[in-house]
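Breakdown of the fold
Listed below are the residues making up each chain.
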Amino acid sequence: LELDLRQALSQQQFCLHYQPLVSLQGDQLQGFEALLRWQHPQQGLLLPEHFLPLAEEIGLLPTLGQWVLETACRHAGQWPEHLRVAVNLAAVQLDNGLHQRVMATLALTGLPARRLELEVTETALFTQIEAARPSLLSLKQAGVAIVMDDFGTGYSSLSYLRQLPISELKLDRSFVQDIERDGVASALTGA
């Protein structure tokens, strides 16, 4: 699998699928979240949980993450102007060079910064908070939205929300799956 993974990018076996992002107010399409998939020649379509841990282990995650960012921005440039694209970032991508890489990608693809959302899991963000903060602040000032994904599964400190330029929170499924039956889940989600 490691050998296959090393060859997959050069052989164009990766693809992006897009999940719609819909506003609950007005039920309007706002954009799409880019979801990475691997079209493995023998095993078929593989979801990220089947290959991303290995990609991280062998050091391919930064290259793969950059491919996702560039491809998603290029695709989004073909969409109507009001639609945004959300791209997930791994912890390894949260370094001092993030701002420069994202801005270079936007310049290369011609996508306006206001149409890009960068999604970072709560756990990844807090493990890299010192390295990530300057880049995230600069990207936010440039117009890129910063979204905290899986909120509620990690440290969940509200003080971090004051320190970081978070545009949106995506609550973890565990908070909302029982919202209709569980008063506590309903209250937490509302808050």
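In the block above lies the structure referred to throughout.
The sections below set out a description of the structure shown in this document. The structure displayed is predicted, hence computed values, not measured ones.

All right, on to the pattern of salt bridges then. Summed over all chains, the structure comprises 5 salt bridges. Overlapping salt bridges bring together Glu81, Arg114 and Arg115 as one network.

Time to look at the nonpolar core. Nonpolar side chains in soluble globular proteins tend to be buried together. Val85, Val102, Leu116, Leu118 and Val144 are the most contacted members of the largest nonpolar core, which totals 46 residues. Ignoring sequence-local partners within four residues, the contact set of Val102 consists of Leu69, Leu116, Leu118, Leu139 and Val144.

Bringing the pairing of strand β2 (residues 29-40) into the picture now. Counting buried positions along β2 yields 9 of 12 residues, so the element is predominantly enclosed. Bridge count between strand β1 (residues 14-22) and β2: 9 bridges; the pairing is antiparallel. By the bridge assignment for β2, Phe14 is matched with Trp38. Counting the residues that bridge the hairpin from β1 to β2 gives 6 residues, and of these Gly26 lies at a positive phi of roughly 95°. Strand direction decides the pairing type here: β2 and strand β4 (residues 84-89), joined by 3 bridges, are parallel.

This part takes up unusual backbone geometry. The backbone phi angle of Gln12 is positive, close to 55°, even though this residue is not glycine. Mapped onto the secondary structure, Gln12 falls in the loop between α1 (2-8) and β1. With relative accessibility at 72%, the residue Gln12 sits in the exposed group. Phi at Asp27 takes a positive value of approximately 50°, unusual for a residue other than glycine. You can see Asp27 is positioned in the loop between β1 and β2. Take Asp27: its relative accessible area is 63%, and that puts it in the exposed class.

Let's shift gears to the side chain of Glu33. Within the secondary structure, Glu33 sits in strand β2. Assessed through its relative accessible area of 5%, Glu33 is described here as buried. In terms of polar contacts, Glu33 uses its side chain to reach the side chain of Asn88, at 3.0 Å.

A few words now on the packing of helix α3 (residues 61-76) against helix α4 (residues 98-109). The interhelical angle for the contact between α3 and α4, taken along N-to-C directions, is 35°, at an axis separation of 9 Å. Where α3 crosses over α4, the handedness of that crossing is right-handed. Facing α3, whose interface residues are Gln66, Leu69, Glu70, Cys73 and Arg74, α4 presents Arg101, Val102, Thr105, Leu106, Leu108 and Thr109. A breakdown of the residues in the contact of α3 with α4 according to their chemical character gives 5 nonpolar, 3 polar and 3 charged.

Criteria and thresholds
Residues numbered from 1 in each chain as written. Predicted model: local features only at pLDDT ≥ 70, side-chain atom pairs only at ≥ 80, totals over all residues. Heavy atoms only, no water. Salt bridge = Lys/Arg side-chain N within 4 Å of Asp/Glu carboxyl O. Core = buried A, V, L, I, M, F, W, Y, C linked by side-chain atoms within 4.5 Å. Buried < 20%, exposed > 50% of the residue type's maximum accessible area, 1.4 Å probe, protein only. Contact = heavy atoms within 4.5 Å. Helix = DSSP H or I, 4+ residues; strand = E, 2+ residues; numbered from the N terminus. Pairing = 2+ DSSP bridges. Polar contact = N/O pair within 3.5 Å; in protein donor to acceptor, adjacent residues only side chain to side chain. Axes fitted to C-alpha atoms, helices over the stretch in contact; angles between N-to-C directions. Left-handed = near helix turned anticlockwise from the far one by under 90°. Nonpolar A, V, L, I, M, F, W, Y, C, P; charged D, E, K, R; others polar.

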